[in-house]
Amino acid sequence: MTETLNQTDNDRSESVTRPGKVRLSIRDVEAFYGQIQALRGVSLDVHEGEIVTLLGSNGAGKSTTLKTISGLVRARRGDVHLEGESIATLAAHEIARRGVVHVPEGRRILRGLTVKENLELGAFTVKDNALRRQRLEEVYELFPILHERRHQDGSLLSGGQQQMLAMGRALMHGPSVMLLDEPSMGLAPKLVTDIMRIIKRLNEAGTTILLVEQNARLALRLAHYAYVIENGEIRMQGEAARLREDESIVKAYLGVGE
Ligand SMILES: Nc1ncnc2c1ncn2[C@@H]1O[C@H](COP(=O)(O)OP(=O)(O)OP(=O)(O)O)[C@@H](O)[C@H]1O
Ligand SMILES: [Mg+2]
């Protein structure tokens, strides 16, 4: 990693005006798994209405960053703010109740529960029955296959369908911010396109999105703003369109694409 490139990109990012106010902000976060330091002072912002992507290779710290936001991992240092208020010490369910919902890597579909039950479980933060029913209808409309399979065990769905179920379950909360961890992983190209279209649609309907991806080209097409993380540190940031144009950056730092 060259200092020069970092410098260049910091300079670039300063000239960018991002829309909306800051919804989510991570400042100087350090996180550990036992002795292993996974995040070394990560700072990033997600503005209202944006799709922000966090790119990086295996083990870079992408999932850990999402986990420190949703409360699954505690930051040892630094802070996480939602609408200017610290959420760094709140329990995960309380963070979800405030509208920040995490769709983790690997989908985590519960075996022994039907598709419908998996979805209803997603709505544990919603007390109003009519609202839950309405959300369920919305999810079925977005993912008709889930309606078709609603009485089937969720774990019997295909990988792509499980990804839809994981997203559907998150949508049952009525999130204002979605944290998506590699939603395209392991999916056939057609399904990747479908999932990306749905992410765009959710964003256009008002959901703010932080999208973790290894597939840089794909994510940069969808996102407004991008961060690149390497070895637990943010190495680069800028408007997605600008990073996308710079093939050398995409190749050197991400080396992946379709
Ligand atoms: N539960 C854990 N226990 C110990 N170390 C962990 C654990 N989870 C992650 N790590 C380590 O923390 C670092 C960051 O991992 P993280 O899962 O955040 O990476 P990532 O960018 O999401 O990678 P990938 O693209 O492979 O999902 C890695 O070095 C990883 O080995
Ligand atoms: Mg990960």
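Just so you know, these numbers come straight off a predicted model, no measurement behind them.

What follows is about the overall build of the protein. Along its length, the protein carries 11 helices and 10 strands. Relative to a compact globule of 258 residues, whose C-alpha radius of gyration would be 18 Å, the protein shows 18 Å and is just as compact. Relative to its full complement of 258 residues, the protein shows a buried share of 41%. For the protein, restricting intrachain contacts to residue pairs at least 6 apart in sequence, the fraction spanning at least 24 positions comes to 70%.

Around ligand 1 lies a shell of 13 residues, among which Tyr33, Ala38, Lys62, Ser63 and Thr64 are the nearest. Within the residue set of the shell around ligand 1, elements represented by two or more residues are strand S2 (36–47) and helix H2 (62–70). At three residues, H2 tops the list of elements feeding residues into the shell around ligand 1. Class assignment for the residues of the shell around ligand 1 results in four nonpolar, seven polar and two charged.

This brings us to unusual backbone geometry. Phi angles above zero are rare outside glycine, and Glu83 is one such case at about 50°. You can see Glu83 is positioned in the loop between strand S4 (77–82) and strand S5 (85–86). What makes Glu83 partly exposed here is the crowd of 15 C-beta atoms within 10 Å. Here the phi dihedral of Glu182 falls at roughly 50°; this positive angle occurs in a residue that is not glycine. Position of Glu182 among the secondary structure elements: in the loop between strand S7 (177–181) and helix H8 (189–204). Taking the C-beta count within 10 Å as the criterion, Glu182 has 21 such neighbours and is therefore assigned buried.

Here the protein averages 88 in pLDDT, and 90% of its residues register 70 or above. A low-confidence stretch, residues 1–14 stays under pLDDT 50, and its non-local contacts, those more than four residues away or across chains, total 11 contacts.

The pairing of strand S1 (residues 22–33) with S4 spans five bridges and is classified as antiparallel. Bridge assignment links Leu24 to a residue of S4, and that residue is Leu82. Between S4 and S5, which pair antiparallel and follow one another directly, the connecting turn spans two residues, one of which, Glu83, has a positive phi of 50°.

Two numbers describe a pair of packed helices, the interaxial angle and the distance between the axes. Contact geometry for helix H4 (residues 115–122) and helix H7 (residues 159–171): axes closest at 7 Å, N-to-C directions at 40°. As for how H4 packs across H7, the hand of that crossing is right-handed. Across from Val115, Asn118, Leu119, Leu121 and Gly122 in H4, the residues of H7 making contact are Leu165, Gly168, Arg169 and Ala170. Classifying every residue of the contact of H4 with H7 gives five nonpolar, three polar and one charged.

Okay, the sheet that holds strand S8 (residues 208–213) next. Pairing is mixed across the open sheet formed by six strands, whose spatial order is S6-S7-S8-S3-S9-S10. Only two strands of the sheet have a single partner each, and these edge strands are strand S6 (100–103) and strand S10 (233–239). Recorded for the sheet is a direction-independent mean angle of 15° between the axes of neighbouring strands. For S7 and S8, the ladder comprises five bridges, and the chain directions are parallel.

Conventions and cut-offs
- Residues numbered from 1 in each chain as written.
- Chains lettered and ligands numbered in written order.
- Predicted model: local features only at pLDDT ≥ 70, side-chain atom pairs only at ≥ 80, totals over all residues.
- Helix = DSSP H or I, 4+ residues; strand = E, 2+ residues; numbered from the N terminus.
- Rg over C-alpha atoms; globule rule 2.2 N^0.38 Å.
- Buried ≥ 20, exposed ≤ 12 C-beta atoms within 10 Å, placed from the backbone.
- Contact = placed C-beta atoms within 7 Å.
- Near = placed C-beta within 6 Å.
- Nonpolar A, V, L, I, M, F, W, Y, C, P; charged D, E, K, R; others polar.
- pLDDT = per-residue confidence, 0-100.
- Pairing = 2+ DSSP bridges.
- Axes fitted to C-alpha atoms, helices over the stretch in contact; angles between N-to-C directions.
- Left-handed = near helix turned anticlockwise from the far one by under 90°.

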